[in-house]
Amino acid sequence: MMHFIQSRRHFMVMTGAGLAAAPWVAGCATAEGAALPAKAIGRPWPDWGELPDSPPPAPKEGSVGVAVVALGGYAIGKVMPALAASDRCHLAAVVSGNPDKAAKVAAAYGLPEDAIYSYDNFDQIAGDDRIEAVYIVLPTGLHAEWTEKAFAAGKHVMCEKPMALSSEECERMIAASEAAGKKLMIGYRCHFEPFNLRAMELMRDGAIGPIRMIDTAHQYMMGPTNVSENWRVVRALAGGGPLEDYGLYSLQAALYLTGEMPVSLKAATKKPANDPRFEQIFSTLTAELTFPSGAVTQLATSYNAPDSKNMIHVEGETGTLHMSPATSYDGQKMTLTRNGVSEDLVPGDPNVQFARMCDHFGQAVREGTTILTPGEMGLRDVRLMEAIYRSAAEGREIRL
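How should the sheet that holds strand β8 (residues 264-270) be read in this particular structure?
Strand pairing in a sheet relies on backbone hydrogen bonds. The paired strands run either parallel or antiparallel. Across the sheet, 9 strands lie side by side as β14-β13-β12-β11-β7-β10-β9-β8-β15; this open sheet has mixed pairing. One side of each edge strand has no neighbouring strand; the edge strands of this open sheet are β14 (341-345) and β15 (398-399). Pairing geometry for β8 and strand β9 (residues 284-290), over 7 bridges, is antiparallel. Across the sheet, K266 pairs through a bridge with E288, a residue of β9. Contacts from helix α7 (residues 194-204) reach β7 (211-221), β11 (304-316), β12 (319-323), β13 (334-338) and β14, with the element oriented near 165 degrees to β12. Set on the sheet, helix α9 (residues 242-258) makes contact with β7, β9, β10 (296-302) and β11; between it and β7 the angle comes to about 160 degrees.

This is the structure in structure tokens:
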């Protein structure tokens, strides 16, 4: 029987003892106050994302005003359009260290000049009633610091995944949320995406019988880069490498499809020599997770794979579920096979995941409803990643 984690208390129980941080993780995780590399995003403005040709319509009454912190490709290309499409949230301000870029983005969304903030005057948002919440889209190593700053300013927080680089940072973020009496949500968009929601439902209903195996891979070939060009290869900002960035989708899928926490895991990492992309991070990670029901997940993630993959394959006693691409921004495909008969399923438009995520956040802020992807979920996943790195570093299976 599958037991799906629902309550805040259950998250705290499920993220408790047994997921100790590996020394390697603890040594590289602290990035508070870390400066971004000179060319941290890797692409110059204005190629980071599409801006609207005209400002979006006025927000609906009762919509939550959100300040977006950091104006990289994901913020401009996905977060801001999602806020514009949301019924319950809207873009109220931007925070950036690049005044020219901030002015261009603000103008595109019809924001006044006094809705533009820098990192130096960020604390002044405390007095801006137009801003009720902050969306943190900074590199991971800066999530904890700026989440705490946002709570200190009296704002609710949506933080991009992964939540942080260490469980200690996650715990600080949760404590800051509780002290401020404000909501904390992690941007796990797949929990609002129709294909993944349908997959969860199918597994919960036993559509292919008890799960025996999940094979999941999230990998691609990273182009030429180095630590001065791309924050994703800087250990203090990104952590160990592809696991935190891309492989986290595989880890999440294993949890929300089985509805269980693993009881043991074993992992291995790779890091090619003399490659400027991987001076500080691993290129590849593989892991095997075993669950209480006996289900096993084989997980692979890489920045150095000759063949790109975004795939989840589930084998049950009576059938299979295959998704490829599984967790993309759009273009998902799903095939359910039972009794030798295959059926392609199209449960909805994947593009709605971003606006639905913002709607969920806005509803939680406005109505005080329970958040589906709270800080406790982010903490759980970071503790699992710490255990994965510990297994790889020590070369042994870790019991959880």
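Would you explain the packing of helix α3 (residues 73-85) against helix α10 (residues 352-367) in this entry?
In the contact formed by α3 and α10, the axes pass within 8 Å of each other and the chain directions differ by 60 degrees. If you check the angle between α3 and α10, you find them oblique. Two packed elements cross with a definite hand, and for α3 against α10 that hand is right-handed. Across the interface between the two elements, Y74, K78, A82, L83 and A85 of α3 pack against F354, A355 and C358 of α10. Taken together, the residues that form the contact of α3 with α10 break down as 7 nonpolar, no polar and 1 charged.

About the criteria used
Residues numbered from 1 in each chain as written. Predicted model: local features only at pLDDT ≥ 70, side-chain atom pairs only at ≥ 80, totals over all residues. Heavy atoms only, no water. Pairing = 2+ DSSP bridges. Helix = DSSP H or I, 4+ residues; strand = E, 2+ residues; numbered from the N terminus. Contact = heavy atoms within 4.5 Å. Axes fitted to C-alpha atoms, helices over the stretch in contact; angles between N-to-C directions. Parallel < 35°, antiparallel > 145°, perpendicular 65-115°, else oblique. Left-handed = near helix turned anticlockwise from the far one by under 90°. Nonpolar A, V, L, I, M, F, W, Y, C, P; charged D, E, K, R; others polar.

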